[in-house]
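# Descriptive structure summary
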2 protein chains.
Amino acid sequence: MSAERVRFDFNYLMADLLGPEAGITRDALDGWQPRAKEMVTRFKRARERGGAAFADLAYKREELSRINELAGRVRSEYKNFVHLGIGGSSLGPKALHLALNSPCHNLLSPESRAGAPRIFFAENVDPDTLTALVDILEPAETFINVVSKSGGTVETVSQFLYFRHWLKKHLPGEDVSRHLAIITDAQKGELRRFADQEGITSFAVPPGVEGRYSVLSPVGLFPAAVMGIDIDQLLQGAASVDPVVCCEQLWENMALMAAVLFYLYQQERGKSQLVIMPYSDRLYAFGQWFRQLWAESLGKNGRGTTPVLALGTVDQHSQFQLYLEGPRDKLILFIKVGSFPARPRVPSGQGVEGFDYLKGRGFDELLDQEQKATELALAQGQCGSCSLTVPELNAHGMGQLIFVLEMVAVYAGMLYQVNPFDQPGVEKLKRILYGLMGRPGYRAEGEEVSPRDKKPGRYVI
Amino acid sequence: MSAERVRFDFNYLMADLLGPEAGITRDALDGWQPRAKEMVTRFKRARERGGAAFADLAYKREELSRINELAGRVRSEYKNFVHLGIGGSSLGPKALHLALNSPCHNLLSPESRAGAPRIFFAENVDPDTLTALVDILEPAETFINVVSKSGGTVETVSQFLYFRHWLKKHLPGEDVSRHLAIITDAQKGELRRFADQEGITSFAVPPGVEGRYSVLSPVGLFPAAVMGIDIDQLLQGAASVDPVVCCEQLWENMALMAAVLFYLYQQERGKSQLVIMPYSDRLYAFGQWFRQLWAESLGKNGRGTTPVLALGTVDQHSQFQLYLEGPRDKLILFIKVGSFPARPRVPSGQGVEGFDYLKGRGFDELLDQEQKATELALAQGQCGSCSLTVPELNAHGMGQLIFVLEMVAVYAGMLYQVNPFDQPGVEKLKRILYGLMGRPGYRAEGEEVSPRDKKPGRYVI
């Protein structure tokens, strides 16, 4: 299948359309070609040395049969699939689920779900959510998937202990390990030891792949396979854009071009916020996945820009007052869908003349016109925007979107001179939490922060 | 019932705890007292003259019996309640629904829903969402509530025409007006004419109340009553904090204090982003409601700050790398819940020593410790934060939170010298859309923007 490719349109960042003050000129971008070539060379060398393991996930197929096998058993035996994980352990599979399944998936009849169980993402340690979940789940019909790269994530481990206890309590005498899968490091961590000790089916997060770059590993692939998503097409989609995002020609490499433009707009135009704005309800969770990718990859050493998630058309009625007339500190990245499987239309005005101009319009046309109006209104105020268009919302298209944006983050990391694969701030926050909670080995962290906390009750109204 | 009050804690914005460079001193705030008093006086005068109609919604009770009556009929006759509206017409009721009903509401049995129908918010014109919705809804069992202040909102009117046609097609011979309610302006607009002409039950958006300030009007109250929310307690909650947010003493007025602090941190410390971060899944939609309130009220004349929504603990694993180690341009407002109705606990480590420190911990305690660790990690990096704590997630508490934050926005509007009740940028965007779509009377807008659009196909990869 020769599927259509994702397109990156940056007309409304260029001086031709945005004007010379706000826009970038063709000449300025031409001047970047030598550096662009160096960046691609550097990336390719790193990749060869194993320093960009995420980029080769699309070609790793050795686990696919085990993944499909367990997914098949889960689909045939369970009514509910509960995914425990937080951050990079949940945002990728959640993005795939929302993009590729019905927005009303859990309310569909089993037949309409085509064999997929109901899907639940339990990310938080919120007591209300946990309580509500166990209230509607039948233990015998529930499969629990636990994802933590380190094997010690507080939120996920707590949930895991809770749900495993719940299974054991309600299914006395049964081997609850059948209801469980664990995705964690191949060797290290408590969850790895637990899986091996209890004989729980497990998959490995490939070495060198950080959570936010792990969606094309078992972290995303196993849940996707349970949901009935064509994971082969997903990987093929990612692989299909590999030549594009590794091309040495700036004008032909959309990931590199986007990284350079976002960087220039921040450095030279003060755009400290990157608004990602899908015009599709189903891409909202994908926007949340991107928020993590962008924030954690670049937000270090005082650098980076804030990713802001907006949804078209909804946030036209919430955030656009600010975007159009507030401070000029934002750059907008629209995500568009080329064509929709169903095309409902607006019926006649039903007797009200004022509604007649809507008659016969497709809702897809309406969505497209709204995005266009938004882009034009922004351009009129010399506020730049660009767009990524995925031809269709299918597994192949999602694979493309994922790999293109991962590569934008990696190239942006080179421009900001930060390591896009670490997250020292998050590790620091975890150590403080462990210190507060009295986890053995973290006493110093608890003491370090507590003096500040001596009179916290003073300023309260 | 003398319920507990919402508390505003701003210790971690003060020099005492945050250090003299990043924090604000008590003396600096003392110096604001004269201006603070003037602001309250100015607000009270405007309120007396009818220039702050939203502030008196908590005392308007004349529509409550009609609201409760129709809500009772909907609850007894329908299985599904579909709310059509966008921006201020949906974010308020959606926030109430998510905060006060089960996170799994639509999956509960009718008995567990205690008489409330399944609730759907159709905000967007996304063809996928619309198609999925009509696939799972039975027309005979579905009630459609249409909300648009102007009566002409493209998205909402299109959906309304679609759903009304769908009802008529599937229920031939039936009076589909029984399945409909319209909430719009009392006199003006196409939807008002339609409601009157077809005899559809309608409620009025009170004059002078903009969408983002309308949740305590029929816009929020009717859906809330259908959901089984105690709307009397909701209004009482709002009224209960009225003396607090209209107090002339800065040190006793949490709304005024928050507005002054947020303003100072933007003007003097370069905090261009206000992160609202509830530590409760159920307050996520409330955060979306606040995003609109903040962005549309203040984002004009080049002023305002960007509201960013983050969720605790989830976004610790997504956004905190950036918040802790990226640019210092953010101020964090935590929203906390004082006590939870159910308190599940982490069971024992089940044989893994490394998990033992979690044994017996309540998930509510975990949530609280995580917020504390986050606050301390931020303070360690001299990044300021503050928190609003609602005693419990009930109607009374939500009424308090709503009115306090509305008043923060109004006071901030005074400080930024902008009108917090208009949205000229949104109106402009709507006119451009109408022009593009050929709506009669908007030809000029279409022509004005089209010349820019002459060669949009040039820069595409």
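Keep in mind it's a predicted model, so treat the numbers as computed, not measured.

What follows is about the overall build of chain A. Counting secondary structure elements, chain A contains 18 helices and 10 strands. Against the 2.2 N^0.38 benchmark of 23 Å for 461 residues, chain A shows a C-alpha radius of gyration of 24 Å, consistent with a compact globule. Projecting the C-alpha coordinates of chain A onto the three principal axes gives extents of approximately 70 × 60 × 60 Å. A burial count over chain A gives 67% of its 461 residues as buried.

All right, on to the relation of the copies chain B and chain A then. For the pair chain B and chain A, the relating rotation is 180°, the translation along its axis is 0.0 Å, and the fit reaches an RMSD of 0.0 Å. Between the two chains, the operation in question is that of a two-fold axis. Looking at the interface residues of chain B, 100% of them are also at the interface in chain A, so both copies use one shared face.

Looking now at the interface of chain B and chain A. Interfaces are frequently sized by the accessible area removed from exposure as the parts join. Listed per partner, the contact involves 156 residues of chain B and 156 residues of chain A. Summing the contributions of chain B and of chain A, the shared interface buries around 13200 Å²; its carbon and sulfur component is 61%. Put simply, chain B and chain A have six salt bridges between them. Where chain B packs against chain A, one counts 53 residue pairs in polar contact (both at pLDDT 80 or more). Looking at the side of chain B that touches chain A element by element, the count peaks at 13 residues for helix α15 (residues 363-380) of chain B. For the side of chain B that touches chain A, the class distribution of residues is 74 nonpolar, 46 polar and 36 charged.

Glancing now at the packing of helix α10 (residues 231-240) of chain B against helix α16 (residues 395-416) of chain B. All names here are of chain B. At their nearest, the axes of α10 and α16 sit 6 Å apart, and the two run at 45° to each other. By the angle class used here, α10 and α16 are oblique. Handedness of the crossing formed by α10 with α16: right-handed. Facing α10, whose interface residues are Gln233, Leu234, Gln236, Gly237, Ala238 and Ser240, α16 presents Ala395, His396, Met398, Gly399, Gln400 and Phe403.

Okay, the confidence of the model for chain A next. Across chain A, the average pLDDT comes to 95, with 97% of residues at 70 or higher. For this predicted complex, the interface confidence reaches an ipTM of 0.96, while the overall pTM sits at 0.97.

Through backbone hydrogen bonds, the strands of a sheet pair up, either in parallel or in antiparallel fashion. All names here are of chain A. With respect to topology, five strands assemble into an open sheet ordered β1-β10-β9-β7-β8, the strand pairing being mixed. Bordering the open sheet on either side are β1 (7-9) and β8 (306-309), each of which pairs with just one other strand. Ignoring strand direction, the axes of neighbouring strands in this sheet form an average angle of 20°. The pairing of strand β9 (residues 330-339) with strand β10 (residues 385-392) spans seven bridges and is parallel. If you follow Ile332 over to β10, its bridge partner there is Ser385. Together, β7 (273-278) and β8 form the strand contacts of helix α13 (residues 284-298), whose direction differs from that of β8 by roughly 175°.

This part covers the sheet that holds strand β5 (residues 180-185) of chain A. Residue and element names in this part refer to chain A. The parallel open sheet is built from five strands, whose spatial order is β3-β2-β4-β5-β6. Both outer strands of the open sheet, β3 (118-122) and β6 (201-205), are each paired with one neighbouring strand and no more. On average, each strand axis in the sheet is inclined to that of its neighbour by 15°, with strand direction left out of account. Direction of pairing for β5 relative to β6: parallel, over a ladder of five bridges. Across the sheet, residue Asp185 finds its bridge partner in β6, namely Val205. Sheet strands touched by helix α4 (residues 64-77): β2 (80-84), β4 (142-147), β5 and β6. Its angle to β6, the strand with the most contacts, is close to 140°.

Here Asp126 of chain B is to be found in the loop between β3 (118-122) and α6 (127-136). Owing to a relative accessible area of 0%, Asp126 of chain B belongs among the buried residues under this scheme. Distance from Asp126 of chain B to Glu375 of chain B, taken between C-alpha atoms, is 39 Å for residues 249 residues apart in sequence. Residues contacting Asp126 of chain B, with those up to four places away along its chain left out, are Ser280, Asp281, Arg282, Phe340 and Leu367 of chain A. Looking at Asp126 of chain B, its side chain comes within polar contact range of the main-chain nitrogen of Asp281 of chain A, at 2.7 Å.

On to the pairing of β7 of chain A. All names here are of chain A. Where burial is concerned, most of β7 is hidden: six out of the six residues are buried. By the bridge criterion, four bridges tie β7 to β8 in an arrangement that is parallel. Each residue of the ladder has a partner; that of Gln273, found in β8, is Thr306. Between the parallel pair β7 and β8, the chain is carried across by α13, and the sense of this crossover is right-handed.

Parameters at a glance
Residues numbered from 1 in each chain as written. Chains lettered and ligands numbered in written order. Predicted model: local features only at pLDDT ≥ 70, side-chain atom pairs only at ≥ 80, totals over all residues. Heavy atoms only, no water. Helix = DSSP H or I, 4+ residues; strand = E, 2+ residues; numbered from the N terminus. Rg over C-alpha atoms; globule rule 2.2 N^0.38 Å. Buried < 20%, exposed > 50% of the residue type's maximum accessible area, 1.4 Å probe, protein only. Least-squares fit on C-alpha atoms with pLDDT ≥ 70 in both. Contact = heavy atoms within 4.5 Å. Buried area = accessible area lost by both parts, 1.4 Å probe. Salt bridge = Lys/Arg side-chain N within 4 Å of Asp/Glu carboxyl O. Polar contact = N/O pair within 3.5 Å; in protein donor to acceptor, adjacent residues only side chain to side chain. Nonpolar A, V, L, I, M, F, W, Y, C, P; charged D, E, K, R; others polar. Axes fitted to C-alpha atoms, helices over the stretch in contact; angles between N-to-C directions. Parallel < 35°, antiparallel > 145°, perpendicular 65-115°, else oblique. Left-handed = near helix turned anticlockwise from the far one by under 90°. pLDDT = per-residue confidence, 0-100. Pairing = 2+ DSSP bridges. Right-handed = clockwise from strand over helix to strand, strands pointing away.

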